[in-house]
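# What the coordinates show
Listed here are the chains, written in short residue letters.
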Amino acid sequence: MRYNWPLYAGGALAAAGGWALARRLPRPAARLARAGAVAAGWLLACSTAATWYVYDLSGLHGYTWLDDLLPDGPGRHLVVSAGLDETSRPVAARHPHASQLIADIYDPTLMTEGSIRRARCLVPPVAGTVAARPAELPAPTATLDTVLVVFAAHELRRATDRAALFAETARVLRPGGSLVLVEHLRDCANTAVYGPGACHFLPRGTWLGHAAEAGLRPAAERRIAVMVTAFAFRRPGP
């Protein structure tokens, strides 16, 4: 809520304003104003409850679900964030013997969402994080077992930038290595609770298409807390 407070404030004002305005309008218009107020309030309540469930009540940040995608652990891995890293610490705590690199692809000229800017101010990068670009990840070719991209790829709004990130991920992965991609999808479940806000997410087919273009094959897929999808894409090899 701290990252997206203007949206919450706008929703609350729309609900309260529509209800108050209805008192001053003739009956047909008043009904529309009340309906709009109820819709705004309902969407605000649903999105808040869903976000609370996904990020605070579910096991999303415990990363136990990662065992289903990577039964042997992440090995030598790279965590890619886009201004807010909530992955490197819990993964390192769960796999203390795995070598970890952290890259931040945040670019204020490309990622103009206010929520990212506020998140970056409130949660500074983890020590040792390397500034990177989608087409330049800080790892030699074919040296990583896993690349973790959690709630970061969708912040690249241009398809060319996302394609570059997938291609670069394929470069740094060893044969048989995995890309773990975690995202909300533009699907029925997310649209039901986030309404128009779900347009910020991308369809499942978009991610499958980027992986295919980079030569990465679907290896596993898991739904987390109903509204989050975790993919494992594998680089072909032994």
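In what follows, the accompanying structure is described. (Residues numbered from 1 in each chain as written. Predicted model: local features only at pLDDT ≥ 70, side-chain atom pairs only at ≥ 80, totals over all residues. Heavy atoms only, no water.)

Turning next to the overall build of the chain. For the chain, the helix and strand inventory stands at eight helices and seven strands. By principal-axis analysis of the C-alpha atoms, the chain measures approximately 70 × 35 × 30 Å. Counting all 238 residues of the chain, 43% fall into the buried class. Contacts in the chain between residues at least 24 apart in sequence constitute 72% of all its contacts with a sequence separation of at least 6. (Helix = DSSP H or I, 4+ residues; strand = E, 2+ residues; numbered from the N terminus. Buried < 20%, exposed > 50% of the residue type's maximum accessible area, 1.4 Å probe, protein only. Contact = heavy atoms within 4.5 Å.)

With that settled, the discussion passes to the packing of aromatic side chains. Summed over the entire model, instances satisfying the criterion amount to five aromatic pairs. Ring plane angle 55 degrees and centroid distance 5.7 Å describe the contact between tyrosine 55 and phenylalanine 151, whose orientation is recorded as tilted. Of this pair, tyrosine 55 sits in helix 2 (residues 27–57) while phenylalanine 151 sits in the loop between strand 4 (144–150) and helix 6 (159–172); the two residues are 96 residues apart in sequence, bridging distant segments of the chain. On the basis of relative accessibility, which here comes to 26%, the residue tyrosine 55 falls in the partly exposed class. Aromatic pair tyrosine 63 and tryptophan 65: ring centres 5.1 Å apart, planes at 35 degrees, arrangement tilted. Residue tyrosine 63 is classed as buried on the basis of its relative accessible area of 1%. (Phe/Tyr/Trp six-rings, centres within 6.5 Å; stacked < 30°, edge-to-face > 60°.)

Next up on the list: the nonpolar core. Ranked by size, the top nonpolar core spans 32 residues in total, and within it Ile105, Val147, Val149 and Leu216 carry the most contacts. If one sorts the elements of this core by residue count, helix 6 sits on top with four residues. Not counting residues within four places of it along the chain, the set of residues in contact with valine 147 comprises Leu78, Val80, Thr169, Val172, Leu173, Ser178, Leu179 and Val180. (Core = buried A, V, L, I, M, F, W, Y, C linked by side-chain atoms within 4.5 Å.)

Read these as layout, nothing more, since geometry by itself doesn't imply function.
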